[in-house]
Protein chains: 2
Amino acid sequence: MVETPLFDRLTIIGPGLIGSSILRRARETGTLARHLIAADRSQDVLKRVQELGIADQTTTSLSDAAAQSDAVILCIPTRSILPVAEQILPFMPPGSILSDVASVRSNLGPTINAQLPQGVSYIPAHPMAGTEHSGPDAGFSTLFENRWTLLIPPENTPPHALKKVEEFWQRCGARTRQVDDQYHDQICAMVSHLPHLLAFTICDTADRLSTDIRGDVLEYAASGFRDFTRVAASDPVMWRDIFLSNKEILLKTLERFQNDAQAMADAIRNEDEEAITQRIERGRRIRQSLIENKQA
Amino acid sequence: MVETPLFDRLTIIGPGLIGSSILRRARETGTLARHLIAADRSQDVLKRVQELGIADQTTTSLSDAAAQSDAVILCIPTRSILPVAEQILPFMPPGSILSDVASVRSNLGPTINAQLPQGVSYIPAHPMAGTEHSGPDAGFSTLFENRWTLLIPPENTPPHALKKVEEFWQRCGARTRQVDDQYHDQICAMVSHLPHLLAFTICDTADRLSTDIRGDVLEYAASGFRDFTRVAASDPVMWRDIFLSNKEILLKTLERFQNDAQAMADAIRNEDEEAITQRIERGRRIRQSLIENKQA
């Protein structure tokens, strides 16, 4: 059964990893939107999008694109979302939907919600998926499959618009769930932001060892360290933005972690075998649960 | 050209991940040893080894196995190595070689070296390879391919014996290099022990969140967290032993890490964009170097 496309004209602002994955998914299924517009400040990015053939139309004019769309998704760095939203909202037609895929909610929701023109809805949705790569070449149509997408609808979101966005992400293959801003930011701090911070830090620590050890560290990187370095290859600007946007919650989560690391260090210093084993065993339990939840 | 097997009778004590990988490699190439003996305290483990067909002979008598071998490799938990070495050394014939694959050198080298019977050599070698799995089923013959094996020969090691062990590991597909005890333990702390400690800790931190967040953390585990949990699935006893054996160096390395994490936290708290970006960018550089060194 061929499904009608959810949207007539969909604009992706920022066709990077996430944005170009949405475009590819839309191309592949034909059921997300009838007409695909990629908008970006960069001519080079748009040129690449054209070469890849993943949009029907490209433009550097974000407002033009917004004015002719019934859905716009901002797939840009977290700290650019508010200024860009403020730029394009005045041009968005009644009945259209604005969305974003920001990694941190902070107070984006209420702020943007307060500026919506009549008849325009705002339903952000964060797909919990990604790789360490960036740009239009990085995306793929199955990125969101079997991954969670968290919907974070602000107050007074019209139910039909919410339903549409939820259906959109389900057609991307994602499982969907609604959460509030605070909860979203706490979950993301734990499963994404803190792990990235730790990965950046351990690479930093290794990088600043004495020259001969540093070179050898790279040589002998066993799987533990290599996992960290893969994560650490992510885009610095994006992650700087995320850390700053989720500052309070991230720092609190890091503090919990630091305390737990200190407790493990104390257990080692005191040669407390039972305490050490206990802490390690907890890690296995979480892993077991993960496998059962098929996220592993 | 068919190479003569390096050893006549090789005993693997502890046919787990590493031990059973050596046995499989030996079976596959036929050039490591002519006759393979698997020794272990556990009848169940030996039964499994027999079922897998990866040894010619199995025994629970470590001394018997040692007495009839020209090479013995201890592939057992780090803290068991000294007691087992002391148990079997009196039975080892002149011209035979004792080795181990301990994850931490500590002062094992000098201690065992001082107890060698006449004509017996001791050349430990640590293959920098592994997975989070354990036991005789976990091994595979290509585990060591293109990975480094560090040889840590104590003082006065006979050159011909050292050469033989080096050739052994090269026939396992490994690249080899000689280092001293202190250097070995520092490298391993950085590339393996500390990453594992951090992985155990972050899983611990997540595990002790409030019940609803905890469950969701597992649900939404994005790739950053999942990498950690994979590492954290490792054997608790093995890692407890490693942490305790490398206690001083590990704690010092952790302290460096904690200071660096604190510096990143301060940069975030102060919203120092440049400092944050710098620290993240260092991670990318290490990653780039790793790729160039083909470890990635």
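Residues numbered from 1 in each chain as written. Chains lettered and ligands numbered in written order. Predicted model: local features only at pLDDT ≥ 70, side-chain atom pairs only at ≥ 80, totals over all residues. Heavy atoms only, no water.

1. Brief notes about the relation of the copies chain B and chain A
You can overlay chain B on chain A at an RMSD of 0.0 Å; the transform is a turn of 180 degrees with a shift of 0.0 Å along its axis. Look at the turn and shift together and you get a two-fold axis relating the two. Relative to the rotation axis, the C-alpha of Asp-227 of chain B is the closest in chain B, positioned 3.2 Å from it. Both copies share a contact surface, since 100% of the interface residues of chain B are interface residues in chain A too. (Least-squares fit on C-alpha atoms with pLDDT ≥ 70 in both. Contact = heavy atoms within 4.5 Å.)

2. A closer look at the pairing of strand β1 (residues 7-13) of chain B
Where a strand is regular, its side chains alternate between the two sheet faces. All names here are of chain B. Of all 7 residues in β1, 6 are buried, a share of seventy percent or more. Relative to strand β2 (residues 33-39), β1 is paired through 6 bridges, and the arrangement is parallel. Across the sheet, residue Ile-12 finds its bridge partner in β2, namely Ala-38. Between the parallel pair β1 and β2, the chain is carried across by helix α1 (residues 17-29), and the sense of this crossover is right-handed. The pairing of β1 with strand β4 (residues 71-74) spans 4 bridges and is parallel. Paired with Leu-10 across the strands is Ala-71, a residue of β4. (Buried < 20%, exposed > 50% of the residue type's maximum accessible area, 1.4 Å probe, protein only. Helix = DSSP H or I, 4+ residues; strand = E, 2+ residues; numbered from the N terminus. Pairing = 2+ DSSP bridges. Right-handed = clockwise from strand over helix to strand, strands pointing away.)

3. Quick notes on the sheet that holds strand β3 (residues 57-59) of chain B
Within a sheet, neighbouring strands are paired by backbone hydrogen bonds and run either parallel or antiparallel to one another. All names here are of chain B. With respect to topology, 6 strands assemble into an open sheet ordered β3-β2-β1-β4-β5-β6, the strand pairing being parallel. Because the sheet does not close on itself, it has two edges, and the strands there are β3 and β6 (121-122). In the sheet, β2 pairs with β3 via 3 bridges, with the strands oriented parallel. Bridge pairing in β3 places Ala-38 opposite Thr-58. Across the sheet, helix α2 (residues 43-52) is in contact with β2 and β3; its angle to β3 comes to roughly 175 degrees. (Axes fitted to C-alpha atoms, helices over the stretch in contact; angles between N-to-C directions.)

4. Section: the domain arrangement of chain A
All names here are of chain A. Looking at chain A, the domain boundaries give domain 1 (7-179) and domain 2 (189-292). In this structure, domain 1 and domain 2 have C-alpha centres spaced 32 Å apart. Opposite the 9 residues of domain 1 that make contact, domain 2 presents 12 residues. Of the roughly 910 Å² buried at the junction of domain 1 and domain 2 (both faces included), carbon and sulfur atoms supply 57%. Contact with domain 2 buries area across many residues of domain 1, yet Arg-79, Val-104 and Glu-132 alone supply 60% of it, more than any other trio. Linking domain 1 with domain 2 are 1 salt bridge, by the criterion used here. Summed over the shared surface of domain 1 and domain 2, the result is 2 residue pairs in polar contact (both at pLDDT 80 or more). Tallied by class, the residues present in the side of domain 1 that touches domain 2 amount to 3 nonpolar, 4 polar and 2 charged. (Domains from an automatic or database assignment. Buried area = accessible area lost by both parts, 1.4 Å probe. Salt bridge = Lys/Arg side-chain N within 4 Å of Asp/Glu carboxyl O. Polar contact = N/O pair within 3.5 Å; in protein donor to acceptor, adjacent residues only side chain to side chain. Nonpolar A, V, L, I, M, F, W, Y, C, P; charged D, E, K, R; others polar.)

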